[in-house]
Amino acid sequence: MASPSIANPVKESKAQKTERLKRAMNPWEGLSEIRRFAREGFESIPPEWIGTYFRWWGVYTQGDGAGVVGGKDGMGRALPFFMVRIRIPNGLLRSHQLRAIADLARCHARGIADLTVRQNIQLHWVAIESLPEVLEELWRVGLNTTGSCGDVTRNITGCPVAGVDADEICDASSLALEADRMLAGNAEFYNLPRKFKISITGCRVWCPYPEINDVGLTAAERVVRGNREIGFTLRVGGGLSTEPYLGAPLNAFVRWDQVLPVVKGVAELFRHSDQLREHRERARLKFLFLRHGWTVQDFQNELERRIGFQLEPAVPEHPPADVYRDHIGIHAQKQTGYCYVGAAVLRGRITPEQMDAAADLSDRFASGELRTTNMQNLLIVNVPRLQADDLAKELGAIGLPVSASPFFRGTIACSGTEFCKLAITETKTFSRWLVEELEERLPGFDQHLKLHVTGCPNSCGQHWIADIGIEGKKMKVNGEMVDAYYFCLGGALGLNQAIARPVGFRCLATEVPEAIERLLRRYLADGVPGENLRRFFARHSDAELRGFLAGEFVEPVPRDLPEGRVPSSVEG
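Structure report, in brief. (Residues numbered from 1 in each chain as written. Predicted model: local features only at pLDDT ≥ 70, side-chain atom pairs only at ≥ 80, totals over all residues. Heavy atoms only, no water.)

## Considerations on the overall build of the protein
Across its full length, the protein holds 17 helices and 20 strands. The C-alpha radius of gyration of the protein comes to 23 Å, within 12% of the 25 Å expected for a compact globule of 572 residues. Each principal axis of the C-alpha atoms in the protein carries an extent, and together these give about 80 × 70 × 50 Å. Intrachain contacts of the protein at a sequence separation of at least 6 include 70% that bridge at least 24 residues. Accessible surface for the protein amounts to roughly 21,900 Å². Of this, 50% is attributable to carbon and sulfur atoms. One finds the centroid of the 69 positive side-chain charges in the protein at a distance of 3 Å from the centroid of its 71 negative side-chain charges. (Helix = DSSP H or I, 4+ residues; strand = E, 2+ residues; numbered from the N terminus. Rg over C-alpha atoms; globule rule 2.2 N^0.38 Å. Contact = heavy atoms within 4.5 Å. Areas by Shrake-Rupley, 256 points an atom, 1.4 Å probe, with all protein chains shown as cover. Lys, Arg positive; Asp, Glu negative; His and termini not counted. Charge placed at Lys NZ, Arg CZ, Asp CG, Glu CD.)

## Describing the nonpolar core
The biggest cluster of nonpolar side chains holds 59 residues, and the ones touching the most others in it are Phe 54, Trp 57, Leu 98, Ile 101, Leu 123 and Leu 395. Top contributing element to this core by residue count: helix H5 (residues 95–108), with six residues. The contact partners of Leu 123, leaving out residues within four places of it in the chain, are Phe 82, Met 83, Val 84, Ile 86, Ile 101, Leu 104, Ala 105, Ala 109, Ile 112 and Ala 113. Residues Ala 179, Ala 267, Phe 289 and Phe 299 belong to the second largest nonpolar core, which totals 41 residues. (Core = buried A, V, L, I, M, F, W, Y, C linked by side-chain atoms within 4.5 Å. Buried < 20%, exposed > 50% of the residue type's maximum accessible area, 1.4 Å probe, protein only.)

## With respect to the environment of Leu 422
Topologically, Leu 422 is positioned in the loop between strand E16 (411–413) and helix H14 (428–441). With 77 residues separating them along the chain, Leu 422 and Ile 499 place their C-alpha atoms 23 Å apart.

## Describing the environment of Phe 189
Residue placement: Phe 189 occurs in the loop between helix H7 (173–183) and strand E6 (198–201). Distance in space between the C-alpha atoms of Phe 189 and Ile 50 is 21 Å, their sequence separation being 139 residues. If sequence neighbours within four positions are ignored, Phe 189 has contacts with Trp 28, Asp 151, Val 152, Leu 183, Lys 264, Ala 267, Glu 268 and Arg 271.

## Some remarks on the sheet that holds strand E3 (residues 92–94)
The sheet built from five strands is open, its strands ordered E3-E14-E15-E12-E11 with antiparallel pairing. Of all strands in the sheet, those with a lone pairing partner are E3 and strand E11 (329–332), marking the two edges. Averaged over all pairs of adjacent strands, the angle between strand axes in this sheet comes to 30°, irrespective of strand direction. Relative to strand E14 (residues 369–372), E3 runs antiparallel, the two sharing three bridges. Bridging from a neighbouring strand, Arg 94 pairs with Glu 369 of E14. (Pairing = 2+ DSSP bridges. Axes fitted to C-alpha atoms, helices over the stretch in contact; angles between N-to-C directions.)

## Side note on H7
What H7 keeps buried is the set Ser 173, Leu 175, Ala 176, Ala 179, Asp 180, Met 182 and Leu 183. Packed against the buried residues of H7 are E3, E6, strand E8 (227–236) and helix H8 (259–271).

## Observations regarding the packing of helix H15 (residues 512–526) against helix H17 (residues 542–550)
Across the interface, H15 lies against H17 with an axial gap of 6 Å and an inter-helix angle of 120°. As the angle between them shows, H15 and H17 are arranged oblique. Every residue of H17 that contacts H15 at Ala 515, Arg 518, Leu 519 and Arg 522 is listed here: Leu 545, Phe 548, Leu 549 and Ala 550. (Parallel < 35°, antiparallel > 145°, perpendicular 65-115°, else oblique.)

## Some words on the sheet that holds strand E18 (residues 468–477)
In spatial order, the strands read E16-E17-E18-E19-E20; together these five strands make up an open sheet with mixed pairing. Of all the strands in the sheet, just E16 and strand E20 (501–508) have a single pairing partner and so form its edges. Going across the sheet, the axis of each strand differs from the next one's by a mean of 30°, ignoring polarity. Sheet topology note: the E16/strand E17 (residues 451–454) ladder contains three bridges and is parallel.

## Let's talk about the side chain of His 463
Here His 463 shows up in the loop between E17 and E18. Residue class for His 463 comes out buried when judged on its relative accessible area of 0%. Polar side-chain contacts of His 463 include one of 2.8 Å to the side chain of Glu 471. (Polar contact = N/O pair within 3.5 Å; in protein donor to acceptor, adjacent residues only side chain to side chain.)

## A look at the packing of aromatic side chains
Under the criterion given, the structure shown has 21 aromatic pairs. When the ring of Trp 125 is compared with that of Phe 419, the centres are 6.2 Å apart and the planes differ by 80°; the resulting orientation is edge-to-face. Of the two residues, Trp 125 sits in strand E5 (residues 121–126) while Phe 419 sits in the loop between E16 and H14, which places them 294 residues apart along the sequence. With respect to burial, Trp 125 and Phe 419 carry one shared label: buried. An aromatic cluster of at least three residues, connected via ring pairs, comprises Phe 37, Phe 42, Trp 49, Tyr 53, Phe 54 and Phe 82. Against the face of Phe 81 rests Arg 110, its NZ or CZ located 5.0 Å from the ring centre. (Phe/Tyr/Trp six-rings, centres within 6.5 Å; stacked < 30°, edge-to-face > 60°. Lys NZ or Arg CZ within 6 Å of the ring centre and 35° of its normal.)

## With respect to the pairing of strand E19 (residues 480–489)
Every regular strand shows the same layout, with side chains that alternate between the two sheet faces. One ladder, built from ten bridges, connects E18 with E19; its direction is antiparallel. Bridge pairing links Met 475 to Val 482 in E19. Adjacent in sequence and paired antiparallel, E18 and E19 are bridged by two residues, among which Asn 478 carries a positive phi angle near 50°. Relative to E20, E19 runs antiparallel, the two sharing five bridges. Within E20, the residue paired with Tyr 485 across the bridge is Cys 507.

Here you go:
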């Protein structure tokens, strides 16, 4: 007679399966397998590569356009094509690298490329037969996809104008690049509980959003025996998704030569946090604080034990107050006579022709250096001031405006159902239409605005930190489920950090422009002098804001937050 345990075997959980597969193989050692799959075709790829191992290479299958509702068990159907995410540490690019990406998009990705909220560029529609060639061409120009997805250190972000910003405390890009070399592709760190995000910046406006990273290092200054010293403050555990948490500041002043040991120490602490490996939905560093009872002091004690030295006490911070961090426009550099020019890339979608043209312009007008930003925009640096206006005109002529409306420059969009198997709504085309509608409805609107569109509750579009964040839903109309959006208002980082408030208002996607127009017209009519959107939203109740959006009093509706699967590696 079979024992009960044999007759009724315990089903392996999602977390247990993933941990088993990671223990069995370091995916970075599987390049020969990828080449074999390319020779033998998509059908030769085993499930463990499709569902797990490819992610370590910055690769995962893309959806069929229907999103999560077209599949089952919380995951949409996949096509036999891949998204390939290119890792760009600190957003630093050279013109020849951007041309190479343009060529790959043209030849292997049906001309589709997206800038992401972590300064990456990702391609779509890549066939397995093309994947080795794509990887090798990227390696040839000094780029790679290693660790752009998966349970590893993601692209390390930093200020895109590091080294040229006239007001920066320091140029910390060298530390971001060193940390990238230390962790990306390092076999010691291929098996973390889940994704691990790092931001290192020397700027005063914290433009890489250290508050929402697992490790956020921001430059700070102190005076020791009459000498000025630059170091960093340290936040840990930040992250968004369905349970947003703003990073916890440690009582630490991290000296320049301590940054890499500290980053490595936090990565090791995360790696050895076995309790975070029990549930995929709660496998981020923030859950030590949210679920496992850790305090900031507990974390600092354990970190100092691992790195072998005590961190000196923190110095006072100076968080930016309501600063817009997109770097769009013409701005003077610290180098006399030079400036950088920031162009808006609507919803992050950029064509091969635009990439080629931007690369050519960076060579013609400047030093061939470009930067990607976490607001999905593109910059050219080291531009002689006398040529900046001409460059701006040429960028505008290729559809990358340097002077754009607040809607054009402030709109962020995730991949949506066009490519994502977890999305509920289409976002990229919708965002373009939304911007066009708002520009027509509110042509004189001139306030800074962060309008973030995310296709599901997982916040790949970062709606929790937006002035206006809209989250994809479905509503039934005439018996059919159609795209809709739920509104969250008043998100902010820096001095006045706050998670956007779910205000209880939902409407059809087709009604979103009208709702936003009503809200912004009320702000223009009733806002006090000097009051920005964050402050306006803060002084009104949820019921009042719902009324502004709807044009009348409406009862609140729930967000309908789904239980279950969250994305393993979708966001940029």
